[in-house]
Amino acid sequence: MSKRDYYEVLGIQKGASDDEIKKAFRKLAIKYHPDKNPGDKAAEEKFKEVNEAYSVLSDKTKRQRYDQFGHAGVGGAGAGAGGNPFAGGGFNYNGQTFNFDFGGGGLDDILGAMFGFGGGFRGARRGRDYRTSTTIDFEEAIFGTSKNISVNGEQIKLKIPAGIYDGQQIRLAGKGGPSPQEGGQAGDLYVEVRVRAHKTLTREGNLILSDATISMTEAVLGTEVDVDTVDGKITMKVPAGTQPGTNFKLSGHGAPISAGSSERGPHIVTINVEIPKNLNRKQKELMEEFAKARKRGIFS
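Now for a quick tour of the structure. (Residues numbered from 1 in each chain as written. Predicted model: local features only at pLDDT ≥ 70, side-chain atom pairs only at ≥ 80, totals over all residues. Heavy atoms only, no water.)

## Here's the deal with the nonpolar core
Ranked by size, the top nonpolar core spans 20 residues in total, and within it Tyr 6, Leu 10, Ile 12, Val 50, Leu 57 and Tyr 66 carry the most contacts. Contact partners of Ile 12, with chain neighbours within four places excluded, come to Tyr 7, Glu 20, Ile 21, Ala 24 and Leu 57. Core analysis: the second largest hydrophobic core is formed by 15 residues, Ile 136, Ile 156, Ile 164 and Val 193 among them. (Core = buried A, V, L, I, M, F, W, Y, C linked by side-chain atoms within 4.5 Å. Buried < 20%, exposed > 50% of the residue type's maximum accessible area, 1.4 Å probe, protein only. Contact = heavy atoms within 4.5 Å.)

## Examining the sheet that holds strand β6 (residues 169-172)
Strands sit in the order β3-β7-β6 across an open sheet of three strands; the sheet is mixed. The sheet terminates laterally at β3 (130-136) and β6, the two strands that pair on one side only. Here the strands of the sheet are splayed against their neighbours by 25 degrees on average, with no regard to which way each runs. Pairing of β3 with strand β7 (residues 189-195), which is carried by seven bridges, proceeds in the parallel orientation. (Pairing = 2+ DSSP bridges. Helix = DSSP H or I, 4+ residues; strand = E, 2+ residues; numbered from the N terminus. Axes fitted to C-alpha atoms, helices over the stretch in contact; angles between N-to-C directions.)

## Quick look at the pattern of salt bridges
If charged atoms from side chains of opposite charge come close, those side chains can pair. Enumeration over the complete set of coordinates arrives at 18 salt bridges. In this structure, a network of salt bridges that share partners links the residues Lys 41, Glu 44, Glu 45 and Lys 48. (Salt bridge = Lys/Arg side-chain N within 4 Å of Asp/Glu carboxyl O.)

Everything listed is a geometric property; what it means functionally is a separate question.
Take a look at the structure:
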């Protein structure tokens, strides 16, 4: 199902002011709030849609990218709130996130993780859950990797899926503590994955973002810049007349659009234009000449 245009969701025009966006959001948020519509799933979905639209249009940078690239410019489906399109695949309980269950456990596993008595339905006490963490590089989070972790002297090979986020946890069923009773179920192992920050790249949903700085003359005349991406360096053409803050999209060089997907979002490069601070006499004369020519209408 295709996502609706965010301006359409809020019922406003594309050139709406910040105040108009805020007023439209408040009106719709009150209308569809779950407290006013208990048990109404349609209203709940509308409320989520309104919040997602507002989270983008109320942010100047995100709105600029959305106006230029559409939904692809703001992280794709589901990335408007928090930038995590995988978040819907789990659930939260007392601040504990349960995602990426590779252990194949059933209802007893889930209840055991939540309340500590998994296996109780079969009359045996469940073993303790273990928790640990591992740290991976930015690129490993994009492409996926494997890590060997040690738990109570046992070496376990952990498969980390492509697109995982910093702070997400992987659950390995039955890799926790043994049950204190014969025939009881072992606990689970929860591994928190920490992602190292990159020197030049940041991530927002399935987007990867970076900046490139060019000189004023390069902005006027056009140039080419080498962009560092997770796939290596890419030479990007910057056309003549490029304005400061212009975004360029490198399709398919971002993060996975969803768990297990080989399709990736874009890498967006924002152009910064360096304004010279100390001009020599000749440079000043040329700039003054250019300014005069503009006044005479020689340059538009």
